[in-house]
Number of protein chains: 2
Amino acid sequence: MSSQEAIFNSFLTKETFEGFEDNERYTKEWLPKVEKYRQALADSIPDSCKAPLPKPIDELINEQFNAMDYMYSAKLLTDDEFKITDTPAYKLVEQMSKGELTAVEVYRAFAHRAIIAHQFTNCAMEFFFHEGLQQAEERDAYFRETGKIVGPLHGLPFSLKEHMDYKGKITHAGYVSMIDNIPEEHGVTVDILQKLGAVYYVRTNEPQTLMHLDSNNNYTGLTKCPFNLLLSAGGSSSGEGAISAFGGAALGIGSDIGGSIRSPAAFSGTLGLRTSTRRVSDIGSVSAFGGFETVPCVMGPFARCVEDIDYWMKSYLNEGKPWERDGWVLPMPWRQVAKPAPKDLTIAVTRDDGLVRVSPPIRRAINEVVEKLKAAGVKIVEFQPPNTKLAYETLNKAYNCDGNLISKEFLSASGEPLVKLTKWNLNFGDGAKQYTIGENRQLNIIRDKLRTEYTRYLVDNKIDFILSPTYNNVAPHSEEIYNWSYTGLYNILDFPTLVFQSGVFQDPNVDRWTEEDLKYEYRSDLEKLENENYKPDEFIGAPVGLQLTGRRYFDEEIVAAGKTIVDDILKVDLFKH
Amino acid sequence: MSSQEAIFNSFLTKETFEGFEDNERYTKEWLPKVEKYRQALADSIPDSCKAPLPKPIDELINEQFNAMDYMYSAKLLTDDEFKITDTPAYKLVEQMSKGELTAVEVYRAFAHRAIIAHQFTNCAMEFFFHEGLQQAEERDAYFRETGKIVGPLHGLPFSLKEHMDYKGKITHAGYVSMIDNIPEEHGVTVDILQKLGAVYYVRTNEPQTLMHLDSNNNYTGLTKCPFNLLLSAGGSSSGEGAISAFGGAALGIGSDIGGSIRSPAAFSGTLGLRTSTRRVSDIGSVSAFGGFETVPCVMGPFARCVEDIDYWMKSYLNEGKPWERDGWVLPMPWRQVAKPAPKDLTIAVTRDDGLVRVSPPIRRAINEVVEKLKAAGVKIVEFQPPNTKLAYETLNKAYNCDGNLISKEFLSASGEPLVKLTKWNLNFGDGAKQYTIGENRQLNIIRDKLRTEYTRYLVDNKIDFILSPTYNNVAPHSEEIYNWSYTGLYNILDFPTLVFQSGVFQDPNVDRWTEEDLKYEYRSDLEKLENENYKPDEFIGAPVGLQLTGRRYFDEEIVAAGKTIVDDILKVDLFKH
């Protein structure tokens, strides 16, 4: 028995799974609906827009195919399409506002690229290209009539994580039992973004229960990393990460309760911001966590450059004013924060969180980034984050402290098969044990003490940000991601965190465990499981995304510093054309 | 059986109170400590500073004595003391900053007035005059040495609700079992205010469990309304309301989870602000609600003019930066908001919340205030608040959804007698029933829908504020306050609310039920109980305080509008000298 199996089985024994996986009921009552859903997705893609795959997809997966490189080298788009889709969103709006581009041109280019992204990565759950075109045409008509753009997101093709309510369309959150759920109106944020000009045409993949840092579900299955199709795209905003990295949307939106924006951004090779809570409305997003306050889920942007993250947040908050539609959201406009000079930055760097050792490519990326930051004049402080074990245990207990009541209902209602990582997440913390309200409050008290401890550390030591791995590895093999400690820490702290690309990609010739590494004594079964999963030859070309974290509600400062770090110091440009 | 007894008994049957009220244990183990505590309070007051009471206190209570009038007419302070203690706090600091007053002069005047306040109203739980004097001397020494004031609260005598941790002093929150709790450091806010210059010398009364809108406890008993000693001072920041109204402190701080700042401000005749959550740190306040997030307790200021409320908040937030010491507090500085012109204000007025009809003096005060607002050019909209029954039921369920677990532990640990309103509050909602976490989340979901409903109402109708009664009556007789619906609505909504004085006082010749009133059909037993308790001749001279409420985190706008309303339109000045 591998350590993976051992640890997995020990978790599983906590839970009897009564009522789950009723194959007869599922096959008879639900599978036909699921098949219809899949067929609708297949039918929605015009053959004329599909790219010729060099080999059948399964073969490409097995050979760790780099679909990003291929898209450029095989010229799967026209020059104009490449030019449009490799332009930052804020510049596209500028060009549309001057009449240099039409919304339809922009839309067609991104829609084409989205189809190719989906062919390789399986990032979409639903396309609706005719509606997208119609929205783009409406933007153009408005511009022709008024000479003005609709709003700051005018004509920007925008991808949506599936679990956000979409008027008139199935919204299932990865649960088969939710397939009959057809909202009568958009969720608040979906509505606001559209009113600001966004164009919708794709809803993206997410895992069953939304509680994997991966993508598997009984609807459309796994999403893959664009840079290495063998690997996971991360999750739970799996499709968002992949479509963003691939350039199949100008901007996107995901959600994050334990790393679900950051893991896909890091693994697939793009940028994502886990905002502080209560900045982006989540009214109208389906999950098992309604009313859960201990570790709230947050919504946040995906984009391919920091400037676009800034633009997304500024447009949404300052012109969308979500606090006028949602009593939960803070009336906190997006502050304009100047890009700091490197010499004015003090950054604490976490190389190991005390729980799970990072793999060689992560270690190398942190080293290289830190050296570049130092060379640019940034002050670096080594930082061993305190109480990470307590934080991680508390987080895991919090997730399931209702005994998974709602997840269980959602899953058992259809009897759908439980995919591998669902079994894993249902056993987080104390699994099926229902906590008392008093026990839940204890978790809140621990959480608040941790927040205060970390806040005071940063304030008292005059540290602006924390730089850390997003995960102990690059994108893992699909359904092989068990440890959430690096991302989850900032969920329990509610510290806003930007994932950006380091510019480092896994290199099997370099990123090998050393002799020293192999003598390492594991601190836990979880660490052993995670570290043993890293085999240098199986992660070729995987990108390394890192986390930049700041204090609660200092989202603006993080984004401003992100520009300094990504654009000025690391000079990582994801617009390849 | 009166309707009061009936309704009370029906609540009581929900709960068996096992383990409560162990008289033998209490008398033997705990009462001696309580007696020592009481003696320390009595011993702390120098005879030389005491005012001569015109009659024994029990007689004064029975004859509805107006201690405020008496203090002035009998000249219980010197002219200089009156002058100092009837000056707004922000002006005192200005005078101290110019060397026109010393901190010791200011301190001595307020300390003297605090003693008189306590003699009449029983507002204090603890005095420590020597320490207060020492702090004042330190402020003066600092000023002599540097020519500067310590901070914006330099030398301001500041009263503290007892349940906030005070270094080295018993902090019990009204529970006898906490009498051995001696914190090693100040609570975060107590610490910040002191560092900004505040001088501490008094900690003020609060009820057992903190969950009465009244004051009774087994330590020092009831606090009384300064304007009519027969009546309640409100609660749970009972002593804060009384000492502030009496002028025994320049500024004060209380806490509010259901009306606990607003009821004492209204009943005793002063001003208080229920801030939005997460603006004032509550690290280091003792209560049974640690980790409770459904309806969080907030801390907030007491003062005798709106300008001082503004000054308190601005000083605390902008110079104290509580978010650097407490990860729960929002980094949201106090915005400077200009005082609005009356014609720019739209105010929705609630005359009845659909649950409990208001008594004649409240009705008259609302009418008079509304007429004055209209005459000044304010646009008035009548407002019947929606879903108040659902809101009130949800609030009451939320308070006790842990089955009162912590309160029960705190109470049964000493076996102390349960005072009357403790029995009432322990039976709120479903009393001793422990909710599941899923049920608690349902309450959160209802709460968030209510917040959104009210937010959208205000936004969509362009309404700036809501004006409403603080309670369905003026200050009730002690231990006769059952209905929290008028204040509690804004706790579940988390809408910031300023209580200000209308300038109206109960007049038994005017404020009588009409013939029409007497034909009224009660909507509930609670309403009958509350309305029957209003007998015009028993509430003579009680002040009417009203609520001005705004959207979440629009605290600054409320305070700015408060200046327009209180100072410019109503011209209510609480500095009598």
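Predicted model only: the values in this text are computed from it and were never measured. For every chain, the first residue of the written sequence is number 1, and numbering continues from 1 onward in sequence order. A letter from A marks each chain and a number from 1 marks each ligand, given out in the order of writing. At least 70 in pLDDT is required for a residue's local features to be given in this predicted model, at least 80 for side-chain atom pairs to be given and counted, and no such filter applies to totals for whole chains, interfaces and linings, which use all residues. To obtain the side-chain values, all non-hydrogen atoms of the structure were used and water was disregarded.

Residues and elements named next belong to chain B. Type-normalised accessible area, obtained with a 1.4 Å probe on protein chains alone, sets the label of each residue: buried when under 20%, exposed when over 50%, and partly exposed for intermediate values. Each helix is a run of H or I in the DSSP string that is no shorter than four residues. Each strand is a run of E no shorter than two, and both are numbered from the N terminus. For strand E3 (residues 199–204), the buried fraction is high: 6 of the 6 residues fall into the buried class. Pairing between strands is defined by DSSP: at least two bridges between them are needed. As judged from the 3 bridges shared by strand E1 (residues 124–127) and E3, these two strands associate in the antiparallel manner. Paired with Glu 126 across the strands is Arg 203, a residue of E3. Where strand E2 (residues 157–161) and E3 come together, 5 bridges link them in parallel fashion. Bridge pairing links Lys 161 to Thr 204 in E3. Look down the strands so they point away from you; if going from the first strand over the helix to the second traces a clockwise path, that crossover is right-handed. For the segment spanning E2, helix H9 (residues 188–195) and E3, crossover handedness is right-handed.

The subject of this paragraph is helix H12 (residues 306–320) of chain A. Residues and elements named next belong to chain A. Taking 1.5 Å of rise per residue, 15 residues should cover 21 Å, and H12 covers 20 Å from first to last C-alpha, within 8% of that figure. Val 306, Asp 308, Ile 309, Asp 310, Tyr 311, Trp 312, Met 313, Ser 315, Tyr 316, Leu 317 and Gly 320 are the residues of H12 that are buried. Positive backbone phi, approximately 40 degrees, marks Lys 321, located one or two places after H12. Expected span, for any helix, means 1.5 Å times one less than how many residues it has.

Turning our eyes to something else, we now look at the relation of the copies chain A and chain B. Mapping chain A onto chain B calls for a rotation angle of 180 degrees and an axial translation of 0.0 Å; the resulting RMSD is 0.0 Å. Within this description, the copies of the chain are treated as partners about a two-fold rotation axis. Here, residues are in contact when the closest pair of their heavy atoms is within 4.5 Å. An overlap of 100% is found between the interface residues of chain A and their copies at the interface of chain B, pointing to a shared contact surface. C-alpha atoms of residues with pLDDT of at least 70 in both copies form the basis for the least-squares superposition of the copies.

On to empty space enclosed by the protein, then. Over the atoms, a rolled probe matching the size of one water molecule traces out where space is still vacant. Using protein atoms alone on a 1 Å grid, points that fit a 1.4 Å probe yet trap it form a cavity, whereas open point sets bounded by protein on both sides within 12 Å along at least five of seven lines form a pocket; residues with an atom within 4 Å of a point count as lining. Grid points are joined across faces, edges and corners, and a volume is the space filled by probe spheres set on the points. One pass over the full model with this rule turns up 17 cavities of 30 Å³ or more. A volume near 150 Å³ is recorded for the largest cavity. Lining the largest cavity are 16 residues, and of these Asn440(A), Asn444(A), Thr294(B), Asn440(B) and Asn444(B) sit closest to its centre. Counting only elements with at least two residues in the lining of the largest cavity, the list comes to helix H17 (437–460) of chain A together with helix H17 (437–460) of chain B. Polar here means any residue other than Ala, Val, Leu, Ile, Met, Phe, Trp, Tyr, Cys and Pro, which are nonpolar, and Asp, Glu, Lys and Arg, which are charged; Gly is therefore polar. Its residues placed into classes, the lining of the largest cavity shows 4 nonpolar, 8 polar and 4 charged.

This part takes up the UniProt feature "domain: Amidase" (unreviewed entry) in chain A. UniProt positions are given in the numbering used here, feature names are shortened, and annotations may be inferred rather than shown by experiment. UniProt tags residues 105–558 of chain A as "domain: Amidase" (unreviewed entry). Between the C-alpha atoms that bound residues 105–558 of chain A there is a distance of 33 Å. The span itself is 36% helix and 15% strand.

On to the nonpolar core, then. As used here, the term nonpolar core means buried Ala, Val, Leu, Ile, Met, Phe, Trp, Tyr and Cys residues forming a set that is joined through side-chain atoms within 4.5 Å. In this structure, Phe120(A), Phe158(A), Phe120(B) and Phe158(B) are the most contacted members of the largest nonpolar core, which totals 328 residues. Dropping the residues within four chain positions of it, Phe158(A) is found in contact with Leu153(A), Leu193(A), Ala198(A), Val199(A), Tyr200(A), Tyr201(A), Val202(A), Leu251(A), Gly252(A), Ile253(A) and Trp312(A).

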